[in-house]
Amino acid sequence: MAAAPGRRRPAVLLWAALCLATALAVDRSNFKTCEQSGFCRRQRGLQPGHSPYRALLESLQLGPDAARLQLVNEVTKVPLLLELWGLQGNVTRIRIKELNPLRPRFEVPDVLVAEPPVERLAVTGRDEGSLELSLGPAGHRLLVTEKPFRMDLLQGRELLCSVNARGLLFFEHLRQRRDSFSDKVSSSVGSLWDKIKTLFHRDTPREPTAEEGGAAEGQEEPTGRTEDAGNQSEKPTEATAEAAEEPGSWEETFKTHTDTKPNGPTSVGLDFSLPGFEHVYGIPEHADSLRLRTTEGGDPYRLYNLDVFQYELYNPMALYGSVPLLLAHSARRTLGIFWLNAAETWVDISSNTAGKTLFGKLLDYMQGGGETPQTDVRWMSESGIVDVFLLLGPTPAAVAGQYAALTGTQALPPLFALGYHQSRWNYNDEEDVAAVERGFEEHAVPCDVLWLDIEHADGKRYFTWDPSKFPRPRDMLERLAAKKRKMVSIVDPHIKVDSGYRVHNELRSRGFYVKTKDGSDYEGWCWPGSAAYPDFTNPEMRAWWASMFAYDQYEGSTENLFTWNDMNEPSVFSGPEVTMHKDAVHHGGWEHRDLHNLYGLYVQMATAEGQIQRSGGQHRPFVLSRAFFAGSQRYGAVWTGDNAAEWEHLKISIPMCLSFGLAGLSFCGSDVGGFFKNPEAELLVRWYQAGAFQPFFRAHAHLDTARREPWLFGEENAALIRAAIRQRYALLPFWYTAFYRSHRRGLPVMRPLWMEYPEDATTFAIDDQYMIDRALLVHPVTEQGARGVQVYLPGKGEVWYDVTSHQKHHAPQTLYVPVTMSSVPVFQRGGTVVPRQERVRRSTECMRGDPFTLYVALSPQGTAEGDLFLDDGQSFDYETKARYLHRQFTFAGNTLTASSADPRGSFDTPAWLERVVILGTGKPATVVLRPADGSETRLDFQHEAETSVLTLRKPGVRIGDDWAIVLR
C-alpha cells in the first residue's frame, strides 16, 4: 500500500497534508531526477574520453586467489586498489576501492550466499603499457591497459566486454572537508570569476551540453571525436577533480529536506561496453517494457527503493525494489553484469556502433566483422565501492545459474502459496472474513488464503489484533484451518511510538531503532502516526524480530497464519522522497545512504526466519515483501506494488514479472484487478485469466474501491473467473515442479521466450507472451474488446498444441488466435509432458493425494519428456530427510515410461495415475500397461482422429512406481 489520499483516518489527518499527493497519479515532484541528485549530476557531468586513471602495472601482485594492482587518479593523485578474480563457472569479479581510505567504505554483506570458489590466475602476456591475465580453464583472458586505464575481457578471439573503455570510471575518495575561511573565499571568488567569464564569452563557440543535443552520458560522440579511451586526451574534465566545493557535495537539499553529508562526496561509477549486443534486460523494478530502452536525452534507470503512489508506466523512475543485475543477450551469447552496491544507483544505457571507434576497430580485427552493434552501460552509485561480477554465460540458463550461485535460488514455497489468495484493504472484522470464506464455498471457487491489511491490528500496532473487530483471532484461524485454508496478516516495519505498546517499549529499551545523525531514535510518520524504525541491519535486532513470531509472542497466531511485509522500502511519509533520511545511522555506524536498498531484504529475511523458528525449523515460511534486493528470492514472494485497475497496468504486469524473474525473483505477481480504482467486469475477468498464469496469484484492492470478490460481477463473469482459478489449481503439480527446478537450478519459472529460444531474434523484444518453465507458452488477453491475439510460436521444426482444442501448429509462425471472453491462449510445447490434477477442490491441501493426469505432447519425432516433484508441500523434509519423489516421464518408441529422476528421494503417497492424454499420435491397435513386475494389462482408450488425441483411462498405477505404457 502506498501513501494514498484514500486513507482518511483520524491519525492520518494530522500528517496527510505534509506529504501526500491529492491527485490519483504519482506526484513526480516528490521524487528526484538525476539533475536533482547531486552525485548523479556530477557523474553525468563527466563526458567520455577524458579518464584521469592510470593502472600501475608494476604494482601487480598475483596471489593464489586474486590479482591486485593499483590505479591512480593523475589529477588528485589518490591511489585505488583494483582486485580481480576468475571465479569457477565462467564468472569474473572486479573490485575497486580506495587503497588508503580515511575511514572504511561500505561493502554489501549478506547478499552473497558464500565466497565464490576461485580459479587460479596467471600472467600470459606483458608488454609496455599492458598485461594479459588468464582467468581459468574456460579460456577467458583479461587485457589490462595502463593509460588510460581500461580492461578488455576476451574468450579466444571474441571480445566479450570492455571496462572503462569510455573513461567513465568515477571514484570520489573520502576527504576532509575544506571549510576554512580562505577556502570559502577562494571558492566564492572562483565561482564569481566563472560567471564573469560566462557573461563575456556567450558568443564563443562551445561544446553543446547533453540537454542541447551534445553527447550525453551513456552516448558516444559522433565519428571523428576522440571519445574512445585509446584516443583520449590526458586533460581531465573538471568533474574528475576535487568536488569539495561543488554544490551538493557536503550538504544537499531536496524540497524541505536537507541531507547532511558528514563524509562528503563518496560516489562511484564505471562504464561497460558490450560489443555485439543490442538487447539488454533486468535491473528491476521499473514499470517498463522487458527490453530496456536507451536513456539518452532523459533520466537513467534509477534503483532506489521507494513508496511510489500509483506509479506511471514506461519510464525509468525508481519503484519499490532494486536488483542491480543487467543481462545482455544476442543470438550468439548471453552475459550479465551484477553491480553489488546497495546505495542509490542510476544506470545509463546507450546504443552505439562499435565499428566507428578504436574499440570497434579492435573488435573488427579480432572477429572479422564490419560495423558491430554495441550497448554501453554506465553504473553510478552514491557510496560504497565498485564490486561487480561479470556473468559470462554463454547461454541464458548459464547466466541464471551463475547469478543463483552468487545470491541463492528462489525459495521453494509451501504448496498452498501457489494457490489463489484473496485480499483487500481491509476485511472489516471476523464476521466479514467468515462471510467471504463462505462465499468461496457457495460459489465453488478454490481459494487457499485470506489476507488482512493494516486495519486488523489494534491502532496499527503490529503483532496485535483490534479487540473489537478481531476479538478471537485464534478461533477465526482455526475455523479457516478446518477448511484447509490459511491466513496472511500484515506486519510492517514502522512501529507506533506509544509507551503503552510492548513492541515499541522493548525495541527502544534494547536500542534497536535506527538512529538520527544526532544519536536519538529516528522517528517519522507512517500509518500509525508517529513511528520508529527497527534497525534490521543489526543481527541482534533481526533475531529479536524473528522471536516475535513465536506463538506465545504473537498473541492469537497459529501455524496457518503467515506474513506480509509492506512499506519496507522503508516508507516514511514525512521523509525525503517518502523514505528515510540518508543521514540516519544504522548498526556499525553506517549511514542509511550506504545500505538503503538492503533494508527491505533484511525485513523479509528476519520475518521468514521467525516463521521457521516458530515451527522448530520444520516448516517453510511464506512472506510477501514489497521491497527487495539481490538475494530476496531466498526469503519468499514479491509483487509489483500499487497498480491501478487499467488495461495498461494489466499489460505491464507481464514484462515487470519477466524482469523480476530474470533477476532471480521467480515468485512474482501483480494485484489482480488493480489496487486503485474499480475495474469493469471485462478487465477483471481478463486479469484473473492472466493472474492464473503468473507465479503469485493474489487479488487485492484499495480501501476506497468497491468490493470485488469473484462472484460479485454476475453469474456469467463469476463462471469465467471460477474457470480461470480452477485452471490454475489443475496445473498446480506443473507449477510446483517448475518451482522445484527453479529452487535447484536458478532458472526463472516465468521466463521470456528468448531464454528457451536464444537464437531466435524474433523473440528478443516480445514481452506480451512468455513461457512457464519450458513446456507452456502463454499469451494473456490484455486488450479491451479483443477478438483475437497474435501469438508467435517459436522453434524451427517444432510443434505446439493448443491446450484447449489440442490442435497442432507447426513453428515458427505467428498465429492469429480468435478469442472469446472464456479464452486464455495457452500452448503446450511438442516434446513435453505436463502433469495435472483435474479433481479441483477448495484448496491445495484438499487435493493432496488426488490422482494425476499426464498430458504428453509429442514432438515431430514422436518423443516427449517431463517430470513431477512431490513432497508434503510444507516442510523442509525434502531437503533434510530426502522425503520427496522426483519422477521422470519419457515417451519414445511408442512407449511412455515412468522412472525416478532422483533416486535419493523417497516419499509415500496414495496418489495414482488416473488418465494419460497423448497429443499428436495415431490410433493404436492396443494399449498395454507394464508395471515393474513385468506383467501386462490392457487399457481402455479413446482416439479422436480429427485432433490425433489418444486418451488412456485409469492406468491405476501409483504415481511413485516405475511402469511403462506401450502403444501397439
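Presented here is an overview of the structure given in this document. (Residues numbered from 1 in each chain as written. Predicted model: local features only at pLDDT ≥ 70, side-chain atom pairs only at ≥ 80, totals over all residues. Heavy atoms only, no water.)

Observations concerning the overall build of the protein chain
Part 1 of the argument: Each helix and strand in the protein chain was counted, giving 18 helices and 51 strands.
Part 2 of the argument: Here the analysis covers contacts within the protein chain between residues at least 6 apart in sequence; of these, 73% occur between residues at least 24 apart. (Helix = DSSP H or I, 4+ residues; strand = E, 2+ residues; numbered from the N terminus. Contact = heavy atoms within 4.5 Å.)

Overview of the state of the cysteines
Part 1 of the argument: Under the definition given, this model contains 2 disulfides.
Part 2 of the argument: In this model Cys34 forms its disulfide with Cys40; the gap between the sulfur atoms is 2.0 Å. Handedness here is read from the sign of the S-S torsion; for Cys34 and Cys40, about -100°, the answer is left-handed. Accessibility classification places Cys34 together with Cys40 in one group, the buried group.
Part 3 of the argument: Across a sulfur-sulfur distance of 2.3 Å, Cys657 and Cys668 are joined as a disulfide pair. Taking the torsion about the S-S bond as the criterion, the Cys657 to Cys668 disulfide, at about -75°, is left-handed. On the criterion of sequence distance, the pair formed by Cys657 in helix α13 (residues 647-662) and Cys668 in strand β30 (residues 668-669) is long-range, its members being 11 residues apart.
Part 4 of the argument: What makes Cys657 buried here is its relative accessible area of 2%.
Part 5 of the argument: Counting only the cysteines that take part in disulfides, in the order they occur along the protein chain, gives the pairing 1-2, 3-4. (Disulfide = S-S within 2.5 Å. Buried < 20%, exposed > 50% of the residue type's maximum accessible area, 1.4 Å probe, protein only.)

A look at the nonpolar core
In globular proteins that are soluble, nonpolar side chains generally tend to be buried together.
Part 1 of the argument: In this structure, Phe338, Trp545, Phe622 and Tyr688 are the most contacted members of the largest nonpolar core, which totals 177 residues.
Part 2 of the argument: Ranked by the residues each element gives to this core, the list is headed by α13, at 9 residues.
Part 3 of the argument: Excluding residues that lie within four positions of it along the chain, Phe622 makes contacts with Pro414, Phe416, Ala417, His421, Trp451, Val488, Phe562, Thr563, Gln611, Ala637, Phe667 and Phe696. (Core = buried A, V, L, I, M, F, W, Y, C linked by side-chain atoms within 4.5 Å.)

Digging into the environment of Asp961
Part 1 of the argument: Of note, Asp961 is situated in the loop between β50 (949-953) and β51 (963-967).
Part 2 of the argument: C-alpha of Asp961 to C-alpha of Ala898: the two residues are 63 residues apart in sequence and 7.4 Å apart in space.
Part 3 of the argument: Contact partners of Asp961, with chain neighbours within four places excluded, come to Arg887 and Ala898.

Digging into the pairing of strand β37 (residues 799-802)
Regular strands place their side chains on alternate faces of the sheet.
Part 1 of the argument: What you see with β37 is no split at all: Val799 and Tyr801 on one side and Trp800 and Asp802 on the other are buried throughout.
Part 2 of the argument: Here 3 bridges tie β37 to strand β38 (residues 808-810), and the two strands are oriented antiparallel to one another. When the sheet's bridge partners are listed, Trp800 is paired in β38 with His809.
Part 3 of the argument: Hairpin remark: β37 followed by β38, antiparallel, with 5 residues in the connecting loop; positive phi at His806, about 65°.
Part 4 of the argument: Here 3 bridges tie β37 to strand β40 (residues 826-829), and the two strands are oriented antiparallel to one another. Residue pairing for β40: Asp802 is matched across the bridge by Phe827. (Pairing = 2+ DSSP bridges.)

Considerations on empty space enclosed by the protein
Part 1 of the argument: For the coordinates displayed, the defined rule picks out 11 cavities of 30 Å³ or more.
Part 2 of the argument: Every residue lining the largest cavity is counted, 15 residues in all, and those nearest its centre are Lys32, His257, Asp259, Pro576 and Lys582.
Part 3 of the argument: For the lining of the largest cavity, the elements supplying multiple residues, two or more each, are β11 (251-254) and β12 (257-260).
Part 4 of the argument: The residue inventory of the lining of the largest cavity, partitioned by class, reads 4 nonpolar, 5 polar and 6 charged. (1 Å grid on protein atoms, 1.4 Å probe; cavity = no way out; pocket = protein on both sides within 12 Å on 5 of 7 lines; lining within 4 Å. Points joined across faces, edges and corners; volume = space filled by probe spheres on them. Nonpolar A, V, L, I, M, F, W, Y, C, P; charged D, E, K, R; others polar.)

Description of helix α6 (residues 396-407)
Part 1 of the argument: End to end, α6 covers 17 Å across 12 residues, agreeing with the expected 16 Å (1.5 Å per residue, within 8%).
Part 2 of the argument: Of the positions making up α6, those classed as buried are Pro396, Val399, Ala400, Gln402, Tyr403, Ala404, Leu406 and Thr407.
Part 3 of the argument: Structurally, α6 contributes buried residues whose contacts are with β4 (91-98), β16 (325-329), β17 (334-339), β20 (386-391), α16 (732-745) and α17 (753-756).
Part 4 of the argument: Positioned one or two residues after α6, Gly408 has a phi angle of 100°, which is positive. (Expected span 1.5 Å × (residues − 1).)

Remarks on the pattern of salt bridges
Any two side chains of opposite charge can pair, on the condition that their charged atoms come close.
Part 1 of the argument: All told, the structure shown has 72 salt bridges when counted by the stated rule.
Part 2 of the argument: As a salt-bridge pair, Glu83 and Arg95 come within 2.9 Å of each other at their nearest N and O atoms. Here Arg95 lies in strand β4 and Glu83 lies in strand β3 (residues 79-87), a separation of 12 residues in the sequence.
Part 3 of the argument: Measuring nitrogen to oxygen at the nearest pair gives 2.4 Å for the salt bridge that ties Glu344 to Lys582. (Salt bridge = Lys/Arg side-chain N within 4 Å of Asp/Glu carboxyl O.)

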